[in-house]
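# Per-entry structural report
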Amino acid sequence: MMKAFFILADSGRTRLEKRDLPQPVPGPGQLLVKVHAAGLNRGEFIVGGLTKAGAAKAAGQEAAGEVVGTGQRVMGRCPGGFAEFALMEAREAIPIPAGLSWEEAASIPLTFTVVHDMLLEQGRLKAGEWLLVTGISSGVGVAALQAAKALGAKVIGTSGSAEKLARLKEHGLDLGIHTRQADFSTMVLDATSGKGANLAINTVGGSVFPEIIRALAFEGRLAIVGYVDNVLTSEVDLEAVHVKRLRIFGVSNKQRNADQRAAGVRGFVTDFLPLFSAGRIKPLLDRVFPFEELEAAKAHMESNRHAGKIVVKMGA
C-alpha cells in the first residue's frame, strides 16, 4: 500500500484527503515512478476546471522521480503525482538534466511545456521582441520571464506586489508595473517607444483583457492561459484586433490527445531542455513543503504570497 492525496470538490471549494491505495501497475507504454517531488498547479484546485464539483480525483499533475526497475531520473506530466508512486506515459517522460534537484525538476514539466507552447509553438517569440506578462509572479509567469530572457526577448510584467517585482528584477525583468488594475497599457507603450508588446500572456483573466489589447503592437499575439480573477468574459475591441492584425490563442492541454501532448513534450525537449542543461534557465522555487503538509502548500498558493513555483517533497 502507498499514501496518496485526493482532491474533493464541493460548494465551490476544494479540499484534500489522504488515502491508502495499492501501488499502481503500469500498462503498455507506461512507467512506474517512485515520486521524489511534485509541483502544485493552481488550475487543479479550481472547481469546474480540472476538478469537477462533487468529484474526487487523485491529486497532482506533474512529478519528478525514479523509474522503478531502472533508476532513471525522470520528470513529466504525472496524474496522481501527489503520491508515493505514480504512473507516467513513457513518451512524456523527460530525462532530468544533471545538476537539477528533485524539487527543481518537479517544478518544470507542466509549467515549462505550457511556456514553450505560449512563447514558441504558438507565440513565435523572437530575440529583441517585447513580452508582456500579467500576474508575472505566478509559476507560469516566472517561467515565461526566465525562458523569454534566455531566448533574448525583453519582458514587462505586472504584479500587485512591489516586493515580488523587485525580486524578479534580479531574474532579468526589464520593467515591473506595480498594479492589480487594468491601467498598464500606457506604461507598456511608453517602454516600447509607442509600439506595444509583441506577445502578451494573460494569466489574470477577463478583467485585464481589454487593456492587454490596447497594449499590443501591430501583429501582436495574445496567449490566454489563466483566469485567477474568475472573470471568464470580456468585451473585445474588434476594430483593434482587425486593424492591428492581432492573433489571440488559448493555451491548454485539456482537450489535447495523447499524440498532441507527446508532440508538445518533444518540442520542449528540443528547444528548452538544453537551456536547463546549460544553466541558462534555473527554476525559481518559492517554497518546498513536506508531503504531509500538502494542505499548507495549497493554502500558501491560494494566499497569492508566492513568487515562483511551490513544490511538495516526498520522504525525508
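Located above this text is the structure these notes cover.
What this report covers is the structure whose coordinates are included nearby.

### A look at the packing of helix α2 (residues 109-121) against helix α8 (residues 258-271)
- Across the interface, α2 lies against α8 with an axial gap of 9 Å and an inter-helix angle of 80°. Viewed along their axes, α2 and α8 adopt a mutual orientation that is roughly perpendicular. Contacts between α2 and α8 involve F112, T113, H116, L120 and E121 on the former and, on the latter, G264, G267, F268 and D271.

### Re the nonpolar core
- Counting residues in hydrophobic clusters, the biggest one holds 47 residues, and the most contacted among them are V115, L119, L131 and F272.
- Listed by contribution, the elements that provide at least two residues to this core are α1 (102-106), α2, β9 (130-134), α3 (139-150), α4 (162-169), β12 (197-202), α8 and α9 (273-277).
- Considering every element that reaches this core, the biggest residue donor is α3, with 8 residues.
- Core analysis: the next-biggest nonpolar cluster, separate from the first, contains 25 residues, I7, F45, V74 and L294 among them.

### Observations regarding the pattern of salt bridges
- Under the counting rule described, the total for this entry stands at 17 salt bridges.
- The salt bridge involving E121 is made with R256; its shortest N-O contact spans 2.8 Å. You can see E121 sitting in helix α2 and its partner R256 sitting in the loop between β14 (247-250) and α8, a full 135 residues away along the chain.
- Overlapping salt bridges, with partners in common, bring together R77, E92 and R261 in one network.

### Quick notes on the sheet that holds strand β4 (residues 56-58)
- The strand order across the open sheet built from 3 strands is β2-β1-β4, with neighbouring strands paired in antiparallel fashion. The outermost strands of the open sheet, each flanked by one partner alone, are β2 (13-21) and β4. Each neighbouring strand pair of the sheet contributes to a mean axis angle of 30°, computed without reference to strand direction.
- Alignment of strand β1 (residues 2-10) against β4, held across 3 bridges, turns out to be antiparallel. The residue of β4 that forms the bridge with L8 is A56.
- Across the sheet, helix α10 (residues 294-302) lies against β1 and β2, angled at about 160° from β2, the strand it touches most.

### Quick notes on α3
- With 12 residues, α3 ought to run about 16 Å at 1.5 Å a step, and its terminal C-alpha atoms sit 17 Å apart, in line with that.
- Of all 12 residues in α3, 11 are buried; the element is thus mostly enclosed.
- When α3 is considered as a whole, its buried residues turn out to be G139, V140, G141, V142, A143, A144, L145, Q146, A147, A148 and A150.
- Next to the buried residues of α3 lie α2, β9, β10 (154-159), α4, β12 and α9.

### A few points about the pairing of strand β5 (residues 62-67)
- Burial analysis of β5 places 5 of its 6 residues in the buried class, the great majority of the element.
- Across 5 bridges, strand β3 (residues 30-39) lies against β5 in antiparallel orientation. Bridge pairing links V35 to G65 in β5.
- Of the strand pairs in this sheet, β5 and strand β6 (residues 73-77) are connected by 5 bridges, and their pairing is antiparallel. Note that in β6 the partner of A63 across the bridge is G76.

### Describing the sheet that holds β12
- One open sheet holds the 6 strands; their spatial order is β11-β10-β9-β12-β13-β14, and the pairing between them is parallel. This sheet does not close on itself; its edge strands, each paired only once, are β11 (175-178) and β14. When the angles between neighbouring strand axes are averaged without regard to direction, this sheet yields 15°.
- With 4 bridges connecting them, strand β13 (residues 216-224) and β14 associate as parallel partners. Within β14, the position partnered with A223 by the bridge is F249.
- Against the sheet, α2 engages β9, β12, β13 and β14, with an angle of about 155° to β12.

Criteria and cut-off values
- Residues numbered from 1 in each chain as written.
- Predicted model: local features only at pLDDT ≥ 70, side-chain atom pairs only at ≥ 80, totals over all residues.
- Heavy atoms only, no water.
- Axes fitted to C-alpha atoms, helices over the stretch in contact; angles between N-to-C directions.
- Helix = DSSP H or I, 4+ residues; strand = E, 2+ residues; numbered from the N terminus.
- Parallel < 35°, antiparallel > 145°, perpendicular 65-115°, else oblique.
- Contact = heavy atoms within 4.5 Å.
- Core = buried A, V, L, I, M, F, W, Y, C linked by side-chain atoms within 4.5 Å.
- Buried < 20%, exposed > 50% of the residue type's maximum accessible area, 1.4 Å probe, protein only.
- Salt bridge = Lys/Arg side-chain N within 4 Å of Asp/Glu carboxyl O.
- Pairing = 2+ DSSP bridges.
- Expected span 1.5 Å × (residues − 1).

By themselves, these figures tell us nothing about what the structure is for.
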